[in-house]
Amino acid sequence: MGESANEWNLLAPIIPFVLVAPLLYAQGWESVEAAFLIVVIPLLTFPAILVTGQIYNGNETWKNRFKEGGIFGLGALASSLSISLWIAYDYIAGSSHFEMHSVVEPFSWLTFDVLHYDGNQWGVNSGFADIGVGVWLDPVSLMLLFVATFLCFLICWFSLGYMNTDPINEDSNHRFYGEFVLFAIGMFGMVLADNFLWLFIFWEIMGLCSYLLIGFYYWKDSAAAAAKKAFLTTRVGDVFLMIGLLMLYDIYGSLEFAVIFEDPSTGVGGALVNSTDLNWALLMLFIGAVGKSAQFPLHVWLPDAMEGPTPVSALIHAATMVNAGLYLVFRMVPFVDVHVNGVAGLEDFALVVAWIGGITAFMAAAIAFVQNDIKKVLAYSTMSQLAYIFTGLGAGLLFLNLGEYHAGYFVIGASMFHLFNHAMAKGMLFMASGSVIHEVHHAHHHLHHDDHDFDPQDMRNMGGLASKMPITSTAMMFGSMSIIGIPLIGGFWSKEGIIAETWLAYLHKEPLMLGPAILVLATAGMTGFYMTRMWLMTFAGPPKSDVAEHVHEGTPWIKEPLIILTVITALGGFLLALLGVVDYLGGEKDYLAMHGVVDTLKHAFLPDDNELRAIGWTTILLAAILGPIMASRVHGGKLAEGVKANPLVGWLVNLSSKFGSQDVSDMANSQLAEALQRRLYFDDLYEWIVANTAIPFASFTAWFDKNIIDGVIKQIESNSVSGSVSVRGITTGSTRDYILMAAVGMLSIFALIWGVSA
Amino acid sequence: MSSILTDIDLDTTMLLLPEILMLLGIVAMILIPNLGDATMRIPLTRTRVPIFIGGTRSEFSNNPKLPNTIASGVLGLALLTSFIYLGEEADVGNALHINEFSRLFTLLFTTALLLATIATSTRMPAKPKATPPLVADSDEVADSKVAALIDNRRQVDFHILLLTTGLGMSLMAMATNLFMLFVCLELASLSSYVLVAFHKEADVGGEAGMKYFMVGSVVSAIGIYGMSLLYIWSGSLDMVDLAAAWSAMETNDPLAIIGVGMMMVAFGFKVGAAPFHLAVPDAYSGASSPIAGLLATASKAMGFVALIRLLLIVTMPPSGQAIWMLSIALIAVLTMTWGNLAALTSDNPKRMLAYSSVAHAGYMLAAMAAIGSGLADTSTSSMILTAVVFHLLILVLFKLGAFLVLSMLESDGGGHRIEDLHGLVRREPAIGVAMFVFMLSLAGVPPLSGFLSKLLMINGIVSVSAGTGAATSTTVADWAGGVDPLFWLAVAIVLNSALSLFYYLRIGLVMFFESPETESGLRKAPNLRLAIFGCALLTLLFGVGPMSEWLLDMVTSAVDSMMGL
């Protein structure tokens with residue numbers, strides 16, 4: 001909120017929203033009974049924002065007091081957050097309620113009979129299709145629900161500063177907040193859904209909002225193209241996802257979690273499930289997840305998606321929506337868990353997941369080396385970190401399918417914990433980058449009014465901002481540390497687990513895991529390099545342009561979320577690791593709440609197993625030492641004379657200058673760098689494929705549509721119209737004719753009845 | 001006489017409260033506007049005592065809003081009481097039987113009438129051609145013009161007719177005797193003919209009323225003739241007796257069959273089934289919009305009650321196909337196709353809605369045919385009938401709602417050309433959106449209630465018929481060859497719905513995308529606006545969620561009470 005303290009009073013309208021949860025508690029509601037409100041309250045709010053915004057656009061009160069709808073959006077998200085905190089409290093603290101999952105009985109919307117072919121004959125199955133709505137809660141959905149509601153709330157708060165102070169957004173912010181809240185509905189609904197069908201429906205709502213918000217500046221060609229690219233690329237995945245759902249339905253005769261997970265080894269009518277069928281179904285679902293989470297080979301949309309406003313990048317394309325794919329893969333655990341009713345023989349599927357993860361992690365990290373746009377670096381980093389989680393899940397699925405359930409639960413828990421750490425850190429990093437971009441843009445606007453070629457996102461225009469933006473630079477430092485996996489901070493606790501278990505899977509179970517194992521280990525070092533490079537290019541060294549000299553941190557509403565998330569990133573990982581969150585998320589039934597500081601540290605740094613110790617220390621060496629030092633040699637440096645950064649980040653600036661500077665212009669001009677700049681030619685390849693397959697096919701279908709389909713439709717249309725004219729011709733307007741027709745009708749009835757009865 | 005009177009005890013009388021209220025309303029409507037300062041000389045004296053009836057009327061009794069207020073109040077109370085007495089069941093005399101089914105229809109009729117009354121409150125001038133005085137008018141002319149404006153004779157006549165329509169319909173729904181049923185039906189019908197002709201602001205009003213009356217009376221004559229044949233055949237017009245005689249009949253008696261056929265003609269006209277519907281579009285487009293809406297909902301529901309009684313109570317065999325099934329099925333297909341085709345090129349929204357109402361009658365008749373096929377067991381029959389009654393109920397919301405919107409346009413002189421709807425969303429966003437909701441619901445778009453009822457009807461037909469092709473077939477073609485022809489009725493409904501989307505969405509298209517002829521808003525009429533928004537909201541609420549389940553439960557139990565389950 002910064003300068004003007006009296007802006008706090010703008011928050012008054014959100015009080016009733018926050019009171020929803022306490023009031024319901026006072027009424028004696030169970031928290032899970034209120035869970036549907038997490039979706040319903042935003043669902044009522046988003047049309048209100050859009051409609052009111054349309055009516056009161058330009059109105060002073062609407063603009064200043066209600067922030068063009070932002071306050072209402074914040075209120076709705078606050079109520080969702082408070083209800084999900086209430087559920088979390090009940091779920092974790094109320095130990096007597098503790099079960100691995102709980103479901104609120106779905107209420108039935110429509111039940112209808114389905115014409116069904118069972119292989120021999122057609123028949124009517126009454127009540128076959130039952131479209132119910134229910135809530136499914138287990139540790140992971142609870143964690144993801146918290147992540148989603150918490151980050152939605154913080155990022156909405158951040159947007160009040162980021163969006164509403166930029167004149168370019170004026171009078172269209174209600175569109176932003178409306179779509180933002182609609183997105184939140186999709187995310188919350190997807191997490192709470194108790195069956196695959198609703199999960200898919202909300203998944204698609206998110207896809208729609210992603211499209212709308214990437215194209216928020218729709219008048220810019222690049223934004224419109226990026227929106228289209230994101231939509232179409234994820235659509236490819238979604239089509240496969242839908243095929244996968246149909247296959248699942250075919251196997252189990254239902255899409256409800258409760259029905260399927262009851263016993264995944266028996267399908268509809270008690271038949272044993274064939275692992276080949278299931279393999280294909282899961283693979284189809286996984287392709288959907290690959291599209292949504294921007295993994296190789298459907299990763300091309302995510303960097304372009306940064307055309308959207310920065311809060312959108314933070315929320316949708318880093319912290320929440322892209323996790324949907326991970327969540328979907330996590331949902332596949334019961335299928336493979338042979339320890340409880342899983343289907344054996346799905347190792348191939350697990351390998352595919354791990355390999356896709358490994359390849360994406362490495363590739364994205366490599367491309368991130370050469371990006372100069374601060375948001376693009378973060379985008380590739382997102383891809384790379386999500387890929388870690390996929391690798392971890394793949395290793396976990398492999399373990400579980402081979403019966404090694406302790407290792408499996410552990411690595412799946414670690415993966416989900418990495419999801420949490422990454423979402424918190426990356427949400428914050430994007431907000432911090434937004435803060436940088438916003439202030440650079442602001443400063444540039446002050447200095448050069450009419451120069452429009454300046455790119456406020458280009459790190460080559462920054463440098464030395466550590467002294468000018470103390471909060472932002474601190475936040476970004478902790479975020480980067482968490483992503484790199486600097487010991488003790490955030491992502492370290494989860495990344496170690498993923499890498500170690502992937503190696504163990506190779507060493508003890510499956511030689512083909514060697515690839516992912518090597519790739520994720522290499523990526524750990526690369527992450528250290530590119531994250532450090534980004535931070536140093538932005539904050540260290542002398543200012544690289546006159547704009548960077550005039551930046552200062554002053555926009556209200558931006559700092560609070562950064563501070564909150566910095567604290568969570570810095571301390572949260574360690575505290576949660578102490579609490580045994582990995583076992584909890586992994587679904588270990590005999591998990592113990594407190595592990596104790598010594599145990600936790602020992603487990604992380606000096607495990608009994610020699611292999612684990614070697615892998616762990618290699619990772620630390622690569623990620624925390626080698627990568628950052630190399631980045632410092634290229635990009636490190638002291639700030640300009642006479643300015644000082646705050647001590648939290650000052651040490652890092654000074655340390656980086658110790659490694660001297662190395663000229664890398666030869667390397668920057670090499671073919672490899674060029675290939676990385678061109679994103680390894682994936683975009684060109686896809687463009688070539690599309691140009692040679694889809695476009696000719698599209699021109700053929702356009703021709704077919706125009707001449708054959710439209711021809712038929714036109715024929716139907718003209719026949720209908722002429723039919724209509726002739727039918728209306730019978731209505732002459734003369735009563736005599738009317739009575740004549742009635743008489744004809746009567747005689748026909750006589751004839752028909754007589755014919756039937758005779 | 002006395003025997004009937006002694007049969008009726010006070011408790012049962014109370015159950016007739018909605019009807020009694022409407023009757024009292026008619027009396028009040030005659031008396032109150034006539035209150036004046038008239039006096040009467042007591043014969044042989046010079047003393048004059050006030051008798052209040054006649055003379056110079058006070059401002060109160062002369063108020064043009066008065067009849068409307070009385071009618072709204074009476075109908076509102078009738079609606080409330082019929083809701084309160086919904087669960088009651090009793091015999092009144094030996095020709096009326098009150099049960100949930102008949103009370104549900106009283107509810108429907110009074111709701112429709114109440115909405116029509118609300119729509120009339122702000123639109124009807126005292127005289128067809130009355131105009132407000134101009135500044136240039138001389139004092140005398142101005143006075144006479146004002147007097148013409150505030151006179152309430154015309155409103156009195158109009159609202160009395162509305163109340164008699166309601167009374168006739170409401171009694172008709174509880175008739176257990178065909179004769180009683182017909183008398184009540186005629187009471188309502190004759191009033192509605194006059195109501196159509198009442199629209200003298202339009203040149204075609206009188207003509208429409210006349211045509212409607214002529215065709216209607218011929219068809220009624222046919223119906224009464226058929227009824228007399230039935231009486232000759234069985235000696236009773238009580239439906240229970242007739243049903244017993246029908247099921248006892250071993251070989252089909254031509255007298256009975258011809259009688260039933262003739263009555264089908266009479267009731268077919270009431271529901272607007274082809275080919276008896278030809279006067280319907282003329283009547284709707286000639287009548288004022290609220291009255292057209294009334295005809296499309298309440299009057300149609302009345303026809304369906306009569307058809308349900310005749311077809312399902314009297315002539316439904318305990319097993320096997322009813323003899324009327326084939327003719328009803330063919331009429332259904334003819335009706336929906338004719339209605340939709342004719343609506344396709346109608347440029348008059350009222351005519352378009354009239355044809356759409358014909359098409360809807362076709363859908364409901366198709367559902368009736370599914371019951372008549374004899375393939376449905378009792379619970380399935382009840383389910384299908386529930387769908388039909390549910391559809392009739394919610395039609396009041398979105399069909400009459402659409403007519404209410406037209407009524408708003410009409411009171412400014414428009415409403416009979418599609419151009420009047422151009423850019424309505426820009427002129428009146430809320431009203432335009434409500435109209436769009438009505439159109440979508442008419443077209444049967446989820447999640448609106450029009451979708452739910454259509455889905456239930458199609459589901460009924462499919463669940464009855466689809467299983468018939470199932471026994472041994474292995475391919476779709478095989479199955480399609482073996483399935484009961486009834487199944488194709490469902491296909492006909494689906495195809496017709498696709499056809500109908502064109503003209504419903506066209507209304508939406510012109511409302512959103514054409515530029516309006518005038519930028520001015522519509523008149524204020526807060527009650528009418530409230531009614532329109534209420535209709536639009538309920539259209540949504542009855543389509544999905546707990547309220548739709550509540551209404552469906554209510555209809556199911558009403559249908560079960562009628563079918564004696």
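Residues numbered from 1 in each chain as written. Chains lettered and ligands numbered in written order. Predicted model: local features only at pLDDT ≥ 70, side-chain atom pairs only at ≥ 80, totals over all residues.

## Topic: the overall build of chain B
For chain B, the helix and strand inventory stands at 24 helices and four strands. Counted over contacts in chain B with a minimum sequence separation of 6, partners at least 24 positions apart contribute 77%. (Helix = DSSP H or I, 4+ residues; strand = E, 2+ residues; numbered from the N terminus. Contact = placed C-beta atoms within 7 Å.)

## Considerations on the overall build of chain A
Counting its secondary structure elements, chain A contains 30 helices and two strands. Pairs at least 24 apart in sequence give 80% of the contacts found in chain A among residues at least 6 apart.

## Brief notes about the nonpolar core
Most often, soluble globular proteins have nonpolar side chains that are buried together. Among the nonpolar cores identified, the biggest contains 241 residues, and L151, F188, L192, V329 and V353 of chain A are the most heavily contacted of them. No other element matches the 23 residues that helix α17 (residues 405-447) of chain A contributes to this core. Core analysis: the second largest hydrophobic core is formed by 209 residues, L104, I160, L375 and L442 of chain B among them. (Core = buried A, V, L, I, M, F, W, Y, C linked by C-beta atoms within 7 Å. Buried ≥ 20, exposed ≤ 12 C-beta atoms within 10 Å, placed from the backbone.)

## Things to note about the interface of chain A and chain B
Interfaces are often sized by the accessible area lost when the parts come together. Taken residue by residue, the interface counts 33 residues in chain A and 42 residues in chain B. Every element with two or more residues in the side of chain A that touches chain B is listed here: β1 (102-117), β2 (122-137), α29 (682-730) and α30 (735-757) of chain A. Of all the elements, α30 of chain A adds the most residues to the side of chain A that touches chain B, at 15 residues. Here the residues of the side of chain A that touches chain B sort into 20 nonpolar, eleven polar and two charged. (Nonpolar A, V, L, I, M, F, W, Y, C, P; charged D, E, K, R; others polar.)

## A word on the environment of R41 of chain B
All names here are of chain B. Along the chain, the position of R41 falls in strand β1 (residues 39-41). You can call R41 exposed: it has 10 C-beta atoms within 10 Å. Separated by ten residues in the primary sequence, R41 and I51 place their C-alpha atoms 9.8 Å from one another. Apart from residues no more than four positions distant in its own chain, R41 is found in contact with R46, T47 and R48.

## Description of the packing of helix α9 (residues 178-197) of chain B against helix α14 (residues 289-314) of chain B
All names here are of chain B. In contact at an axis separation of 11 Å, α9 and α14 are set at 165 degrees when each is read in the N-to-C sense. Relative to α14, the element α9 lies roughly antiparallel. In the crossing of α9 with α14, the sense of the turn from one axis to the other is left-handed. Note on element contacts: α14 touches α9 through I291, L295, S299, M302, A306 and R309, opposite L181, L185, A188, S192, L195 and V196. (Axes fitted to C-alpha atoms, helices over the stretch in contact; angles between N-to-C directions. Parallel < 35°, antiparallel > 145°, perpendicular 65-115°, else oblique. Left-handed = near helix turned anticlockwise from the far one by under 90°.)

## Here we look at helix α13 (residues 279-286) of chain B
For α13 of chain B, the tally of buried residues reaches eight of eight residues, placing the bulk of the element in the interior. Turning to α13 of chain B, its buried residues are A279, V280, P281, D282, A283, Y284, S285 and G286 of chain B. Buried residues belonging to α13 of chain B abut α30 of chain A together with α9, α10 (204-234), α14 and α16 (349-372) of chain B.

## Focus on the environment of W479 of chain B
Within the secondary structure, W479 of chain B sits in helix α21 (residues 476-482). The sequence separation of W479 of chain B and A466 of chain B amounts to 13 residues, and the corresponding C-alpha distance is 8.8 Å.

## Brief notes about helix α17 (residues 378-410) of chain B
Helix length check: α17 of chain B (33 residues) gives 46 Å between terminal C-alpha atoms against 48 Å at 1.5 Å per residue, within 8%. At L395 of chain B, α17 of chain B shows its strongest bend, of approximately 40 degrees. (Expected span 1.5 Å × (residues − 1). Bend = angle between axes of the 7 residues up to and from the residue.)

## Observations regarding the confidence of the model for chain A
The share of residues in chain A with pLDDT of 70 or more is 92%, and the mean pLDDT across the chain is 83. Across residues 1-5 of chain A the pLDDT falls below 50, and counting only partners more than four positions away or on other chains, this stretch makes twelve contacts in the model. (pLDDT = per-residue confidence, 0-100.)

## Remarks on the confidence of the model for chain B
Summing up the model confidence of chain B, the mean pLDDT is 87 and the portion of residues at 70 or higher is 94%. Interface confidence in the predicted complex, given as ipTM, is 0.86; pTM for the same model is 0.68.

## So, the packing of helix α16 (residues 374-401) of chain A against α17 of chain A
Residues and elements named next belong to chain A. Running from N to C, α16 and α17 point in directions that differ by 170 degrees, and their axes come no closer than 8 Å. With respect to α17, the axis of α16 lies roughly antiparallel. Residues of the contact of α16 with α17, tallied by class, amount to 17 nonpolar, nine polar and two charged.

## A short note on unusual backbone geometry
At the junction of A274 of chain B and P275 of chain B, the peptide bond is cis and its omega measures out at 0 degrees in the coordinates. Each neighbour pair has its own omega, and for P446 of chain B with P447 of chain B the value is 5 degrees, a cis peptide bond. For P447 of chain B, the position within the fold is in the loop between α19 (429-443) and α20 (449-465). In this model, K67 of chain A sits at a positive phi of 50 degrees, which is unusual for a non-glycine residue. Looking at the secondary structure, you find K67 of chain A in the loop between α3 (60-64) and α4 (70-93). The backbone of F52 of chain B shows a phi angle near 70 degrees, a positive value even though the residue is not glycine. Along the chain, F52 of chain B falls in the loop between β2 (48-50) and α4 (59-62).

## Some thoughts on the environment of G303 of chain B
All names here are of chain B. With respect to the helices, strands and loops of the structure, G303 is situated in helix α14. Each C-alpha atom of the pair G303 and G272 lies 8.5 Å from the other, and the pair is 31 residues apart in sequence. Not counting the four nearest positions on each side in its chain, G303 is found in contact with F267, K270 and V271.

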